[in-house]
Each structure stands twice: as structure tokens, then as C-alpha cells.
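Summary of the model geometry
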Amino acid sequence: MSELDNPLSLPGSGPSAALTGSKTRAAGRTASIKRQKLRENTLAYAFLAPSLLLFGVFLFYPLLKSVYLSLHSTDPTGRVAAFVGMDNFAGLFSSGLFVNGMKVTALFALLTVPAGMLLALALAALTHTRLPGKRLFQFAFSLPLVLSVGSAAVIWKFLFHPTLGMLNYLLGLAGVSPVQWLVSPDWALVSIALMTVWMNLGFNYIILSSGMQGIPDELYESATIDGAGPITVFRKITLPLLSPTLFFLLVVSIISAFQSFGQINILTMGGPMNRTNVFVYTIYQEAFVNFRFGTGSAQALLLFLVIMLLTLIQFKWVERKVHYQ
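Residues numbered from 1 in each chain as written. Predicted model: local features only at pLDDT ≥ 70, side-chain atom pairs only at ≥ 80, totals over all residues. Heavy atoms only, no water.

As a reminder of what qualifies: UniProt positions are given in the numbering used here, feature names are shortened, and annotations may be inferred rather than shown by experiment.
The chain appears in an unreviewed UniProt entry as ABC transporter permease subunit from Paenibacillus macerans. Note on the chain: under the UniProt heading Subcellular location (unreviewed entry), the record states "Cell membrane". UniProt, in its Sequence similarities (unreviewed entry) section for the chain, records the words "Belongs to the binding-protein-dependent transport system permease family."

This is the structure:
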């Protein structure tokens, strides 16, 4: 047999060469995808850099600084004096400062959160129907949102005045004796709660009204055709479909109640007889009045843990009642 009968062996031909080429192309595609992902991640972090910087300066650094100060004692000028470990935390529990502050704060939250949510829910339900002057009512109910805590507290300080205040004037017209709103130990916390409910009404109303507007009108029309009354429609349709909004508002309202400070500082300064001395105000007194930054930082960390625990409890058990579409 001559050599012409043998098949020619050309470079780059055959199954092995094809397999090598496919691997090379796959490796090239993988490298290209990795480079593209790297460019996308770099661009994403470049856009996030300003926000991360702000979070680092105003959130993460103060948190780490609070942890550091909570483990140290400070001198009368506020400078770190010595490492004390967990003594600041132990002192809070032994003195009863933590327990008393949490009792007042929990009572304040109990007075403000349910009342604020129920009042806003009632107003949102009333203005959700097609009534004349609906826009005017919506504007009036949302008005407290534009006021700052300081402005609202000053307004209510005049309303609570024992002799010149509008509230006692109206009580006098009704034949009721005047109330020492901010001076009486029995009425001081109720007065602060009343002002807080009014102040948060605008935010609560807007959130709940927006949630109701997201419910399809076809459901209400079907229920009306089936003969369901307004109360049944509200209980069977509105509340279940509004439960995600209510859950969000509950979490936010509890956190806001545990962080309340401005109205207490302006109206009562924690008095009388520490009846309005909520936990945030005790932190302010310890850190910025007595210059005990170690104890104040320990209190701040305990408040952070309490709020986080309450939020986790709500997400663990309360969220089970939420009806997601």
C-alpha cells in the first residue's frame, strides 16, 4: 500500500481538537462574565459609597463608640477615666434606673400606640368613602405631620395651661373642675400621651389611607352585591387586606414611642415625681446633664436591645396574623 492511501493528519482536526476549542471558548465566556460582574459590583459600590460613608459616620461609629464608653467610667468632664467592664450595666439594674424607666416607657407606649392607630384607622375609614369635602378632611387630618416636635409641644403647652389654657376653659364650660395637666402626677403622662397621639395622627392617617386606596374596588362592589353591610365589609375585607399596613404601622409606632424625647423635655422634663421620666430622658440626663457617658451609653445599648427584641417578637408572632395577597 502506498503512502497516498494513508489519511492526512492535519493540525487542529479530530475530536480532541474540537473538545479543546470548546473548553477554550467556555473559559473565555466565564472570564468575560466574571469581568462583567466585577464591573457591575464596582459600579454598585461606587453609587453606594456616599450612603455607606454617611451610615459609617452617623450610625456605625456612634454605635461602636457607645459600646466602648459603656465599658468605661468617665470623670466629671466626660473623659474616659478607667475600664470598668460590665459594672455600668450592673449598676443600672441594682439601682432600679432601668426598671423604672422601662415601666414609664412601656406605659407611655400603651397609652399612645393603640389610641393613635385606632383613631387614624377610624378617620381613614370615614374619609375613604365618597363624602362631600373629602379632600378638606384629608388635608386637616394630615396637618400634624408638617409640625416639628418642638412646635407641637409649645402649642400644647399653651393648651395645657392651668388657667389660660383652652382645655380647662372647655372643661369649665362643661361644668368640670380644671385639671392640672402637666403638674399632677396622675395626669402628666396622660397629657404627654394625648399630645403625642395628636402629633402622630398625620403620619398614621396617611399610611392607613394609602393602604385602603390599594384595596381593589371590585371587592367592595362584590360584597355589596352579596348583601354585606358596612361593618361586615370592614371586618371581612378591609381589615384582612389592610393587615400588612397595620403591622408596619405597629412596628414603627412602638419604636417611635420608645424613642420619644422632645415633648417630654419641653413639657415636663421628666416630672412630676419622675412620672414622665421615660428611658430616653434618663439617658439624656445621665449623659448630657450629669456627664456620666459610661452609664448613659450602657442605657442606650440596653434600649437598643429592648427595641430589637420587641421588633423580633412582633415579626415572630404578630406577623402570623398578617394577610399577604
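Structural notes on the overall build of the chain
We count it as follows: Strands are runs of DSSP state E lasting at least 2 residues, helices are runs of H or I lasting at least 4, and numbering of each runs from the N terminus. Only the C-alpha atoms count toward the radius of gyration. The rule for a globule is 2.2 Å times the residue count to the power 0.38. Burial status follows relative accessibility: with a 1.4 Å probe on protein chains alone, a residue under 20% of its type maximum counts as buried, one over 50% as exposed, and anything between as partly exposed. Any two residues whose heavy atoms approach within 4.5 Å are treated as being in contact. What sets the accessible areas is the Shrake-Rupley method with a 1.4 Å probe; for residues, cover comes only from the shown protein chains.
Across its full length, the chain holds 12 helices and 2 strands. At 31 Å, the chain has a C-alpha radius of gyration far larger than the 20 Å of a compact globule built from 325 residues. Once the C-alpha set of the chain is aligned to its principal axes, its extents read approximately 130 × 75 × 30 Å. Classification of the 325 residues of the chain by burial places 33% in the buried group. Residue pairs at least 24 apart in sequence account for 67% of intrachain contacts in the chain once pairs closer than 6 positions are excluded. A total accessible area of about 20,500 Å² is found for the chain, and carbon and sulfur atoms account for 69% of it.

Things to note about the pairing of strand S2 (residues 80–83)
Our working rule: Any two strands with at least two DSSP-identified bridges between them are counted as paired.
Examined bridge by bridge, strand S1 (residues 72–74) and S2 share 3 bridges and lie antiparallel to one another. For His72, the partnering residue across the bridge sits in S2 and is Phe83. The loop that links S1 with its antiparallel partner S2 comprises 5 residues; one of these, Gly78, has a positive phi angle of about 95°.

Re the packing of aromatic side chains
The criterion, for reference: Stacked, tilted and edge-to-face are the three classes applied to pairs of Phe, Tyr and Trp rings, where Trp contributes its six-membered ring and a pair requires centres within 6.5 Å; stacked means planes under 30 degrees apart, edge-to-face means over 60, and tilted covers the rest.
Following the criterion strictly, the structure yields 15 aromatic pairs and no others. On the numbers, 5.0 Å between centres and 55° between planes, the contact of Phe93 with Phe98 is tilted. Ring plane angle 70° and centroid distance 6.2 Å describe the contact between Phe291 and Phe293, whose orientation is recorded as edge-to-face. We classify Phe291 as partly exposed; its relative accessible area is 37%. By the ring-pair criterion, three or more aromatic residues cluster together here, those being Phe261, Tyr281, Tyr284, Phe288, Phe291 and Phe293.

Focus: the UniProt feature "transmembrane region" (unreviewed entry) in the chain
The positions that UniProt labels "transmembrane region" (unreviewed entry) are, in the present scheme, residues 42–61, 106–127, 139–159, 189–208, 245–266 and 298–318. Here residues 106–127 is 100% helix and 0% strand, with 32 Å between the C-alpha atoms at its ends. Along residues 298–318 the backbone is 90% helical and 0% strand, and the end-to-end C-alpha distance reaches 29 Å.

Here we look at a nonpolar patch on the surface
The cut-off we apply is this: Patch membership requires over 30% relative accessible area and the absence of a salt bridge. Like charges are linked within 9 Å, and nonpolar side chains (Val, Leu, Ile, Met, Phe, Trp, Tyr) within 5 Å. Salt bridge criterion: a side-chain nitrogen from Lys or Arg within 4 Å of a carboxyl oxygen from Asp or Glu.
On the surface, a cluster of nonpolar side chains totalling about 910 Å² of accessible area is made up of Leu136, Phe139, Leu143, Leu145, Val146, Leu147, Ile155, Phe203, Ile206 and Phe248. Counting residues per element, the ones that place at least two in the nonpolar patch are helix H4 (134–142) and helix H7 (188–213). Structurally, the position occupied by Leu136 is in helix H4.

Structural notes on the side chain of Thr238
Here Thr238 lies in helix H9 (residues 230–258). Once residues within four sequence positions are removed from consideration, Thr238 is found in contact with Met212, Ile215, Tyr220 and Val233.

Looking at the nonpolar core
Selection criterion: For the purposes of this section, nonpolar cores are sets of buried Ala, Val, Leu, Ile, Met, Phe, Trp, Tyr and Cys residues that join through side-chain atoms within 4.5 Å.
Grouped together as the largest cluster of nonpolar side chains are 49 residues, with contacts concentrated most on Phe98, Met102, Phe160, Met195, Leu208, Phe258 and Leu303. Of all the elements in the fold, those that place two or more residues in this core are helix H2 (87–95), helix H3 (97–128), helix H5 (149–159), H7, H9, helix H10 (262–267), helix H11 (279–289) and helix H12 (293–316). If one sorts the elements of this core by residue count, H3 sits on top with 11 residues. Not counting chain neighbours up to four residues away, the residues in contact with Met102 comprise Phe258, Phe279, Leu303 and Val306. Grouped together as the second largest cluster of nonpolar side chains are 6 residues, Ile215, Tyr220, Ala223 and Leu241 included.

A few points about the pattern of salt bridges
If you walk through the whole model with that rule in mind, you get 2 salt bridges. With a shortest N-O distance of 3.9 Å, Asp186 and Arg275 are connected by a salt bridge. Of the two residues, Asp186 sits in the loop between helix H6 (166–173) and H7 while Arg275 sits in the loop between H10 and H11, which places them 89 residues apart along the sequence. The class for Asp186 is exposed, based on a relative accessible area of 59%. Relative accessible area serves as the criterion here: at 36%, Arg275 is assigned to the partly exposed category. Residue Glu286 is joined to Arg292 by a salt bridge in which the shortest nitrogen-to-oxygen separation is 2.9 Å.

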